Amino acid sequence: MTASTRIRHLLAGATATGLLAGGAALGTAGAASAAPASAPAPAATSAVTTHHHDHCTWQQGHWQKQWVKGHWAKQWVKGHYTDHKVWHPGHYDRNGHWQPGHWTHHVQWHKGHWATVYVPGHWDTHWVKGHWICPR
């Protein structure tokens, strides 16, 4: 009994929707055929001729300059060699002979690392995707 009631309600709703849609379509067709051919209705012509892209132009994607204010950023500091020059003072050796002082070079590699540095404001370029421009 409940299934048949549900089916009846479903069919009644579908029928009402179909009648409303069909009646609206018939009403529009009847109004269009009843109107004189020389004077079309203003609402009908604006709905037909107005299109989204009629007054719009396509702007291609392009690179654009943009000011970026100062900010903190992580940057890679690349590795480098350092040359530590060391002075060895003169001295007397075991045999009592004077050995003059001399410089030695200790070259050492310092590997790269990340460092947080302050980047001052600067101009930068960014990509602007293509888009429609529609003046109002």
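Residues numbered from 1 in each chain as written. Predicted model: local features only at pLDDT ≥ 70, side-chain atom pairs only at ≥ 80, totals over all residues. Heavy atoms only, no water.

**Structural notes on the overall build of the protein chain**
From N to C terminus, the protein chain includes two helices and 10 strands. Its helices and strands taken in sequence order, the protein chain reads α-α-β-β-β-β-β-β-β-β-β-β from the N to the C terminus. Buried positions account for 4% of the 136 residues belonging to the protein chain. Within the protein chain, contacts between residues separated by at least 24 positions form 77% of all contacts whose residues are at least 6 apart in sequence. When the accessible surface of the protein chain is summed, it comes to about 12100 Å², and 63% of that surface belongs to carbon and sulfur atoms. (Helix = DSSP H or I, 4+ residues; strand = E, 2+ residues; numbered from the N terminus. Buried < 20%, exposed > 50% of the residue type's maximum accessible area, 1.4 Å probe, protein only. Contact = heavy atoms within 4.5 Å. Areas by Shrake-Rupley, 256 points an atom, 1.4 Å probe, with all protein chains shown as cover.)

**Some details on the side chain of Thr 82**
Mapped onto the fold, Thr 82 is located in strand E4 (residues 80-88). Of note is the side chain of Thr 82, whose polar atom sits 3.3 Å from the side chain of His 84. If we skip the residues at most four places from it in the chain, Thr 82 touches His 106, Val 107, Gln 108 and His 110. (Polar contact = N/O pair within 3.5 Å; in protein donor to acceptor, adjacent residues only side chain to side chain.)

**Here's the deal with the state of the cysteines**
On inspection of all chains with the given rule, the structure shows one disulfide. For Cys 56, the disulfide goes to Cys 134, at an S-S distance of 2.0 Å. Its S-S torsion of about 110° marks the bond between Cys 56 and Cys 134 as right-handed, since a negative value means left-handed. Taken together, the residues Cys 56 in the loop between helix H2 (42-49) and strand E1 (57-59) and Cys 134 in the segment after strand E10 (131-133) connect sequence positions 78 residues apart. Of the residues examined, Cys 134 reaches a relative accessible area of 34% and is grouped as partly exposed. (Disulfide = S-S within 2.5 Å.)

**Details of the packing of aromatic side chains**
Counted under the stated rule, the structure contains eight aromatic pairs. Measuring from ring centre to ring centre gives 5.5 Å for Trp 76 and Trp 114, while their planes differ by 70°; the resulting arrangement is edge-to-face. With Trp 76 in strand E3 (residues 71-77) and Trp 114 in strand E8 (residues 113-119), this residue pair connects regions lying 38 residues apart in the sequence. Its relative accessible area of 49% is what places Trp 76 among the partly exposed residues. Owing to a relative accessible area of 56%, Trp 114 belongs among the exposed residues under this scheme. A cation over a ring is seen here: Lys 85 above Trp 103, with NZ or CZ 5.3 Å from the ring centre. (Phe/Tyr/Trp six-rings, centres within 6.5 Å; stacked < 30°, edge-to-face > 60°. Lys NZ or Arg CZ within 6 Å of the ring centre and 35° of its normal.)

**Quick look at a nonpolar patch on the surface**
A cluster of nonpolar side chains, contributed by Tyr 81, Val 107 and Trp 109, occupies part of the molecular surface with about 390 Å² of accessible area. With respect to the helices and strands, Trp 109 occurs in strand E7 (residues 102-110). The exposure class of Trp 109 is partly exposed, given its relative accessible area of 47%. (Patch = residues over 30% accessible without salt bridge, like charges linked within 9 Å, V, L, I, M, F, W, Y side chains within 5 Å. Salt bridge = Lys/Arg side-chain N within 4 Å of Asp/Glu carboxyl O.)

**A short note on the environment of Gly 121**
With respect to the secondary-structure elements, Gly 121 resides in the loop between E8 and strand E9 (122-128). With residues near it in sequence (within four places) discarded, Gly 121 still touches Trp 67, Val 68, Lys 69 and Gly 70.

**A short note on the confidence of the model for the protein chain**
Within the protein chain, residue pLDDT values average 79, and 69% of them lie at 70 or more. Per-residue pLDDT stays below 50 along residues 44-48; that stretch engages in one contact with residues further than four places along the chain or on separate chains. (pLDDT = per-residue confidence, 0-100.)

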